[in-house]
Amino acid sequence: MQKVGFVVTPGYSTMGFAVITAFEVANLMASEPVYELHLLSEHGGKVQTSAGFDVMTESMADTQYDLLLFGATMEQASPTTIHFVRQAAAYARRVAAACLGTFLLAEAGLLEGRRATTHWMYARDLQQRFPGISVEEDKIFICDGPYWTSAGMTAAIDLALALIEDDLGADIARTIARKLVLYHRRAGGQSQFSSLLELEPKSDRIQKVMTYARAHLENALSVEELAAVANLSPRQFSRSFQAETGQSPARAIEHLRLESARMLLETSARSIDEVARQTGFGERDRMRRAFLRAYGQPPQVIRRQARGDEELQA
């Protein structure tokens, strides 16, 4: 039985409770419970969440935990909580933080000289306040030694699945993900950003084009092909697309190709040549140039970094 403590503070984001579900399902699937779950706070008793309702908690204590997980809150942590976080490394095998919870680990000094991530909106603030941390804002989650950090709250579910995989293996984590109607899990090195979300086309017509493009990246996806999907002339389409997304069709398609190619490099065993063909770059040199423009690194380095994250979690 592994003892898991979820530490909440006043104003704790209710979305964070979704993380507990992954461990709950792991227990339901096992012949006997694997995880002993505890909801902790500074003084115990009732703690008010960000939604305004209270949850009952146990008092934080120097008890042995296999995992301590700190959630997101917009409120300043008390000195007692910071002290508890600082002491956590002495008696917990793993310490994790989701979203803004990373700031708690940083304030306690646990992340000094280490890699970490948080929600992309707050990543630069984290880096400015704690220059000794290597903040990687475009990551879903990061494992550096015993410390695990994740991006926004939904990314904490990916983090939980990775922790469970670390304990019970990939097959169990994959089954839990299916029961939760999720992907197996996104790789830690995968981008927090989605090109479709970033573009935010306003009309169904342009949204339909983007959905079509993402499903047919191996095609040339010329302006003529995309305009036909939108039922517009090429000139009308280019003008409408630019007005709605702020980008040219060619630039938007390249972003989609890059996003898909990076995901395949990080999560599959396909060769770089295969990835280039499947995502419409055609040849690896063209994909390499696009990666250098977008990420400042070639595909080989992106893949190596992703596999390095996986090896750290193994």
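**What about helix H2 (residues 79–91)?**
Taking 1.5 Å as the rise per residue, H2 with 13 residues should run 18 Å; its terminal C-alpha atoms sit 19 Å apart, in good agreement. Among all positions in H2, only Thr 81, Ile 82, Phe 84, Val 85, Ala 88 and Tyr 91 are buried. For H2, the elements touching its buried residues are strand S1 (2–7), strand S5 (65–70), strand S6 (92–98) and helix H3 (101–107).

**Description of the pairing of S6**
For S6, a buried count of six out of seven residues is recorded, marking the element as mostly surrounded by other parts of the structure. Note that S5 and S6 share five bridges and pair parallel. Bridge pairing in S6 places Tyr 65 opposite Ala 92.

**Quick notes on the packing of helix H8 (residues 204–215) against helix H9 (residues 223–230)**
In contact at an axis separation of 8 Å, H8 and H9 are set at 130 degrees when each is read in the N-to-C sense. Comparing the axis directions of H8 and H9 gives the class oblique. In this structure, H8 meets H9 at a crossing whose hand is right-handed. Residue-level contacts link Arg 205, Lys 208, Val 209, Tyr 212 and Ala 213 of H8 to Glu 225, Leu 226, Val 229 and Ala 230 of H9.

**Here we look at the sheet that holds strand S4 (residues 54–59)**
Spatial ordering of the open sheet is given by S3-S4-S2-S1-S5-S6-S10-S9, a layout of eight strands whose pairing is mixed. Bordering the open sheet on either side are strand S3 (45–48) and strand S9 (141–144), each of which pairs with just one other strand. Ignoring which end each strand starts from, the neighbouring axes of this sheet average 30 degrees apart. The pairing of S1 with strand S2 (residues 35–41) spans six bridges and is classified as parallel. For Val 4, the partnering residue across the bridge sits in S2 and is Leu 37.

Basis of the calculations
Residues numbered from 1 in each chain as written. Predicted model: local features only at pLDDT ≥ 70, side-chain atom pairs only at ≥ 80, totals over all residues. Heavy atoms only, no water. Helix = DSSP H or I, 4+ residues; strand = E, 2+ residues; numbered from the N terminus. Expected span 1.5 Å × (residues − 1). Buried < 20%, exposed > 50% of the residue type's maximum accessible area, 1.4 Å probe, protein only. Contact = heavy atoms within 4.5 Å. Pairing = 2+ DSSP bridges. Axes fitted to C-alpha atoms, helices over the stretch in contact; angles between N-to-C directions. Parallel < 35°, antiparallel > 145°, perpendicular 65-115°, else oblique. Left-handed = near helix turned anticlockwise from the far one by under 90°.

None of the figures reported here should be taken as evidence of function without further support.
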